[in-house]
Amino acid sequence: MSETAAIHTEALRKVFGHLAAVDGLDLTVHRGEVFGLLGPNGSGKTTTIRMLTGLMAPTSGRATVDGVDVTVAPEQVRRRIGYMSQRFGLYDDLTVEENMRFYASVYGLRGAPRARRLEELVTELGLGGRIHQMAGTLSGGWKQRLALACATAHRPQVLFLDEPTAGVDPAARRQFWELIYDFAQRGITILVTTHYMDEAERCHRLAFLSRGHLIAVGTAEEVRQQFDQPSIEDVFIELQRRDEGVSV
């Protein structure tokens, strides 16, 4: 396996009864890459992420994240990664600062190191004016920033973002992607799922899943050419039609 690989899978497979949710996935994501994992609902994206984050054991195959085998040492994997989704577990009855302090403590930060890290996050994510605000009163965009702060309190090398901008307004989504690229420029690897095709276009590379199979991987332009479609949105629609059995 290349030393530049932050995420690497070989013949990764997950079966539920008679259904192969993910089947024979071979994938490499390089360090510092913003990598998009796309596909219609039921294509295997969430199952893939759950295996890569150590939350679900593969049926067969192999996967490593930041050099750690997800089957052999899932707890070690979870200490090295950050994870954020549209349902990230913020505590509405705690302030922004209290949420950040709690998650930093969960990741093992205490005392002065925790205080320094929280100060860094407040500055990086522009949370200074909201530090004493109750999380439950934040707008979607600010909740998103707080969730990102909590997910990265322990300085993970790999960050998983599972539809993190769902339900957020376009301006907040754009600002969030600026933050994502800031993290990537520092060498953090980011794997993101999204149903917003303008976000998909911003990824360095994309992988498309369909019914548990990897059917395309490459830059947005390479994927468009492979499917002979004018846009990534058209590729997505074509895949959805295929998965639903709609003739075109």
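Every chain's residues receive numbers from 1 upward, in the order its sequence appears when written. Confidence filtering applies because this is a predicted model: local features only for residues at pLDDT of at least 70, side-chain atom pairs given and counted only at 80 or more, and all residues used for totals across whole chains, interfaces and linings. Hydrogens and waters are ignored; side-chain quantities use all the structure's heavy atoms.

> Hey, could you go over the pattern of salt bridges for me, with residue numbers and the actual values?
When a carboxyl oxygen of Asp or Glu is within 4 Å of a side-chain nitrogen of Lys or Arg, the pair counts as a salt bridge. Going through the model one piece at a time under the given rule, you end up with 15 salt bridges. Note that Glu120 and Arg155 form a salt bridge whose closest N and O atoms lie 2.7 Å from each other. Taken as a pair, Glu120 in helix H4 (residues 111-124) and Arg155 in the loop between helix H5 (140-151) and strand E7 (158-162) lie far apart in primary sequence, 35 residues in all. Think of it in three bands: with a 1.4 Å probe and only protein chains considered, a residue is buried below 20% of the maximum accessible area for its type, exposed above 50%, and partly exposed in between. For Arg155, a relative accessible area of 46% puts it in the partly exposed group. For the salt bridge of Arg186 with Glu124, the shortest nitrogen-to-oxygen distance reads 3.3 Å. Pair noted here: Arg186 is in the loop between helix H6 (170-185) and strand E8 (189-193) and Glu124 is in helix H4, with a separation of 62 residues, a long-range link. Strands here are runs of E lasting at least two residues and helices are runs of H or I lasting at least four, both read from the DSSP assignment and numbered beginning at the N terminus.

> Go over the layout of surface pockets, please, and point to the residues and values.
Points on a 1 Å grid, built from protein atoms alone, make a cavity when a 1.4 Å probe fits but cannot get out and make a pocket when they are open with protein on both sides within 12 Å along at least 5 of 7 lines; residues with an atom within 4 Å of a point are the lining residues. Grid points are joined across faces, edges and corners, and a volume is the space filled by probe spheres set on the points. The volume enclosed by the largest pocket comes to roughly 270 Å³. Contributing to the lining of the largest pocket are Thr53, Leu55, Arg78, Arg79, Ile81, Gly82, Tyr83, Phe88, Tyr103, Val106, Tyr107 and His154. Looking at the lining of the largest pocket, the elements with two or more residues in it are helix H2 (74-80), strand E6 (81-85) and helix H3 (96-106). Ten residue types, Ala, Val, Leu, Ile, Met, Phe, Trp, Tyr, Cys and Pro, are classed as nonpolar, four, Asp, Glu, Lys and Arg, as charged, and the remainder, Gly among them, as polar. When its residues are assigned to classes, the lining of the largest pocket shows 7 nonpolar, 3 polar and 2 charged. What lines the second largest pocket is a set of 14 residues, among which Ser85, Gln86, Gly140, Lys143 and Gln144 lie closest to the centre. Those elements giving two or more residues to the lining of the second largest pocket turn out to be E6 and H5.

> Go over the sheet that holds E7, please, and point to the residues and values.
If you trace the 6 strands from one edge of the open sheet to the other, you get E6-E7-E8-E3-E9-E10, paired in mixed fashion. At either end of the open sheet lies a strand with only one pairing partner, and these are E6 and strand E10 (213-218). In this sheet, adjacent strand axes meet at a mean angle of 15° when their direction is disregarded. Being paired, for any two strands, means DSSP has found at least two bridges between them. Bridge analysis of strand E3 (residues 34-38) against E8 gives 3 bridges, and the strand direction is parallel. Residue pairing for E8: Gly36 is matched across the bridge by Val192. By definition, residues are in contact when any of their heavy atoms lie within 4.5 Å. To obtain an axis, a line is fitted to C-alpha atoms, over the contacting stretch when the element is a helix, and the angle between two such axes runs from 0 to 180 degrees between their N-to-C directions. H5 rests against E6 and E7 of the sheet, and its axis sits at about 160° to E6. Lying over the sheet, helix H8 (residues 220-227) contacts strand E9 (205-210) and E10, oriented at roughly 125° with respect to E10.

> Outline the nonpolar core, supporting the account with residue identities and numerical values.
Within this scheme, the nonpolar core is defined by two criteria: the residues are buried Ala, Val, Leu, Ile, Met, Phe, Trp, Tyr or Cys, and they are joined through side-chain atoms within 4.5 Å. Core analysis: the biggest nonpolar cluster contains 49 residues, and Met100, Phe208 and Ile232 have the highest contact counts within it. When residues no more than four places from it in sequence are discounted, the contact partners of Met100 are Leu118, Leu121, Val122, Leu127, Ile131, Leu146, Ala149 and Cys150. Listed in part, the 25 residues of the second largest apolar core include Leu37, Ala63, Val68 and Ala207.

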